[in-house]
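Coordinates in review
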Amino acid sequence: MTAPADVSTATGKTTAAPVKAPRMTLSEWLIRTPVVLPLLTFVLILALWEGGTRLFNVPSYVLPAPSRILEGFSAIPASRWVEHVWSTLRVALIGYIASIVISLPIAVGLAKSRLLSRALYPLLVVIQSVPIVAVAPIIIVVLGTDDLPRIVITFMISFFPLVVSMTTGLMATPPELIELSRSLRAPVWREISQIRLPYATPYIFSGLKISITLSVVGAVVAEFVAAEAGIGYFIQFSTSMFKLPQAWAGLGILLVMSLALFQVVNLAQKILFPWSLPKERR
Amino acid sequence: MSIDQDAIRFSDVGMTFLTDHGPLTALSGVDVALKRHEFVAVLGPSGCGKSTLLRLTSGLMKATQGTVSVFGHPVSEPRDDIGIVFQQATLLPWANVLDNVTFPAKHKRGRVSASDRDHARQILATCGLAGFESRLPSELSGGMQQRVGIARALFLNPDILLMDEPFSALDALTRDAMGFELLRIWQASPKTVLFITHSIPEAVILADRVVVMSGRPGRVIADMEVPLGRPRDESSLRSPEMQDYMAHLRSLLIREEVA
Ligand SMILES: Nc1ncnc2c1ncn2[C@@H]1O[C@H](COP(=O)(O)OP(=O)(O)OP(=O)(O)O)[C@@H](O)[C@H]1O
Ligand SMILES: [Mg+2]
């Protein structure tokens, strides 16, 4: 959010100093201006992709041209897309929120009690080491075929990084502040809410950013195993029908969804906790 | 509270920690008393238990031997009349200067009243920080951050101020200035100060008395009045007498650092 401030100070300087401002080179301008450079790269790759597949006549089941993917996209009515997106998004978000809600008390326990951390940590590592893709079919059989098993699978994939980052963050508080808290004889919950949690915010957000993408992965994995809707289901279904451009379109949607969710978390941090970002990124 | 009662008294204080490598005796047989409103500096080699001495006084730890009393009462838990200043200011990076100073109220009682804020503004003014109330710590220099740390320690009007190498993270010039600043604050509202430092000139210019500790296990090897009146300034240390005094302290410390 510093862009306007930067501009005003920059113009302030040029009016104050009679010295001519040094000319920016094109590459400097590209580096300083957001969006433009990545966008150019993206467009260039698309163009190469389109040109390459046409030039070498690449069959669409190997790699469809972007234009074919676009065709595949518009062949599906928008309402169907919305249905699929909503199905995946719902599972991903509920699983994500569940993992936040459950990992917070676990992290507080792990950070505050060495006993608990000795007892629980190995168990968490074991859970984390279980290949979720392999367990997914079992979970579906146990819990049935509605949203619940998919949410559980999503939760299992996304919660471990959250527990780890939250615990690390809660323990990263300067010991002096904990001493200050104890010297004030403040209740422990205030030590957690007023000191440890705010200090952990940068750590928590790095966990939140990893987990939001993982929760999309979790939802898709669950759909691969059993589902009648969702982008994961759609990709699998399209592939089995040999409609590869359509599957690629699904992949594109998934990518956009992941990026958008990531950006939402990113923005939430920027707006709600600007101090938790490294200085140059505020 | 009688007038001549000691503010802080260490009687035969020893502290042994249980570590992964067995017991570690940090302090042993420490006998020191601080009169009310006395400014005492503690010098000693690294690891001799100076910070431990502070923690015992603040009630954050309990001595394994002997007793630490504050105003005649053995310390068993943290008290409201003791303020602590740490080596690093350790302010809350998300809270502005005013909120950092009122933090003890918020943390202890859960809320900050308007009079708390007025009180904090007053202290900030005494600490030379008027006008900086709404700045974030990251916008302040190291010296100013440490002043906020001092203001926070003064917020609950403590009778005793415990300072653990409060200026050691600052550059030499700022450090000297902060010393005189502290003396000014101390003279404006007298307090008993236990001041830990590694710097002999700093100890001498600030304190009424200097306590020198031995290497681990820390014990008191010298407890000397500073032969210097007040007010003091930059030239106070230039006299041959003060030079000799400091040379003596240095020789005591060097012997301990080597031992
Ligand atoms: N909580 C603790 N558990 C175990 N050992 C401790 C603990 N606190 C301090 N010690 C040990 O006690 C000794 C004295 O520590 P202390 O921090 O009091 O020294 P210090 O004089 O303040 O040193 P410095 O000048 O480096 O700050 C050190 O060897 C330290 O490792
Ligand atoms: Mg120390």
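Quick notes on the rules
- Residues numbered from 1 in each chain as written.
- Chains lettered and ligands numbered in written order.
- Predicted model: local features only at pLDDT ≥ 70, side-chain atom pairs only at ≥ 80, totals over all residues.
- Heavy atoms only, no water.
- Pairing = 2+ DSSP bridges.
- Helix = DSSP H or I, 4+ residues; strand = E, 2+ residues; numbered from the N terminus.
- 1 Å grid on protein atoms, 1.4 Å probe; cavity = no way out; pocket = protein on both sides within 12 Å on 5 of 7 lines; lining within 4 Å.
- Points joined across faces, edges and corners; volume = space filled by probe spheres on them.
- Nonpolar A, V, L, I, M, F, W, Y, C, P; charged D, E, K, R; others polar.
- Contact = heavy atoms within 4.5 Å.
- Buried area = accessible area lost by both parts, 1.4 Å probe.
- Salt bridge = Lys/Arg side-chain N within 4 Å of Asp/Glu carboxyl O.
- Polar contact = N/O pair within 3.5 Å; in protein donor to acceptor, adjacent residues only side chain to side chain.
- UniProt positions renumbered as here; feature names shortened; annotations may be inferred.
- Domains from an automatic or database assignment.

**Let's talk about the pairing of strand E1 (residues 6-19) of chain B**
Residue and element names in this part refer to chain B. Summarising the sheet, E1 and strand E2 (residues 22-35) pair through 10 bridges and their orientation is antiparallel. The residue of E2 that forms the bridge with Phe17 is Leu24. Counted between consecutive antiparallel strands, the loop separating E1 from E2 contains two residues.

**Observations regarding the layout of surface pockets**
Residue and element names in this part refer to chain A. Counted as a void, the second largest pocket has a volume near 560 Å³. Taken together, 23 residues make up the lining of the second largest pocket; nearest its centre are Trp248, Leu251, Gly252, Ile253 and Leu255. At the level of secondary structure, the elements contributing two or more residues to the lining of the second largest pocket comprise helix H3 (36-55), helix H4 (66-75), helix H10 (188-225) and helix H12 (244-272). Looking at the lining of the second largest pocket element by element, the count peaks at 10 residues for H12. The residue makeup of the lining of the second largest pocket, split by class, is 19 nonpolar, four polar and no charged.

**Section: the interface of chain B and chain A**
Taken together, the contact between chain B and chain A spans 23 residues of the former and 21 residues of the latter. Contact with chain A buries surface across chain B, with Leu60, Trp94 and His107 of chain B losing the most and accounting together for 34% of the total. Summed over the shared surface of chain B and chain A, the number is three salt bridges. Among the ionic pairs, Arg185 of chain A bridges to Asp80 of chain B, the shortest N-O distance being 2.7 Å. On inspection of chain B and its partner chain A, the count reaches 11 residue pairs in polar contact (both at pLDDT 80 or more). At six residues, the largest contribution of residues to the side of chain B that touches chain A is made by helix H3 (residues 103-109) of chain B.

**With respect to the UniProt feature "domain: ABC transporter" (unreviewed entry) in chain B**
The residues that UniProt annotates with the feature "domain: ABC transporter" (unreviewed entry) are residues 8-240 of chain B. Between the C-alpha atoms that bound residues 8-240 of chain B there is a distance of 33 Å. The span itself is 31% helix and 27% strand.

**Quick notes on empty space enclosed by the protein**
The gaps left among the atoms become clear once a water-sized probe is rolled over them. This structure, assessed with the given rule, holds three cavities of 30 Å³ or more. Volume-wise, the largest cavity comes out at about 130 Å³. Those elements that place two or more of their residues in the lining of the largest cavity are helix H9 (175-183) of chain A together with strand E6 (82-85) and helix H5 (142-154) of chain B. In the lining of the largest cavity, the residues fall into seven nonpolar, two polar and three charged. Residue lining of the second largest cavity: Phe10, Val30, Val32, Leu34, Val40, Val42, Leu53, Leu194, Val211, Met213 and Val220 of chain B, and that is the complete set. Where the lining of the second largest cavity is concerned, the elements lending two or more residues are E2, strand E3 (39-43) and strand E9 (209-213) of chain B. Ranked by residue count, the leading element in the lining of the second largest cavity is E2 of chain B, at three residues. Taken together, the residues that form the lining of the second largest cavity break down as 11 nonpolar, no polar and no charged.

**A word on the domain arrangement of chain B**
Interface extent is often summarised as the accessible area lost during association of the parts. All names here are of chain B. What the domain assignment reports for chain B is domain 1 (6-81 + 162-258) and domain 2 (92-157). Distance between the C-alpha centres of domain 1 and domain 2: 25 Å. Taken together, the contact pairs 11 residues of domain 1 with 11 residues of domain 2. A combined buried area of about 950 Å² lies between domain 1 and domain 2, and 69% of that area is made up of carbon and sulfur atoms. Contact with domain 2 buries area across many residues of domain 1, yet Asp80, Met178 and Ile185 alone supply 44% of it, more than any other trio. Applying the counting rule to domain 1 against domain 2 returns two salt bridges. Where Glu181 meets Arg147, a salt bridge forms, and the shortest distance between an N and an O atom there is 3.3 Å.

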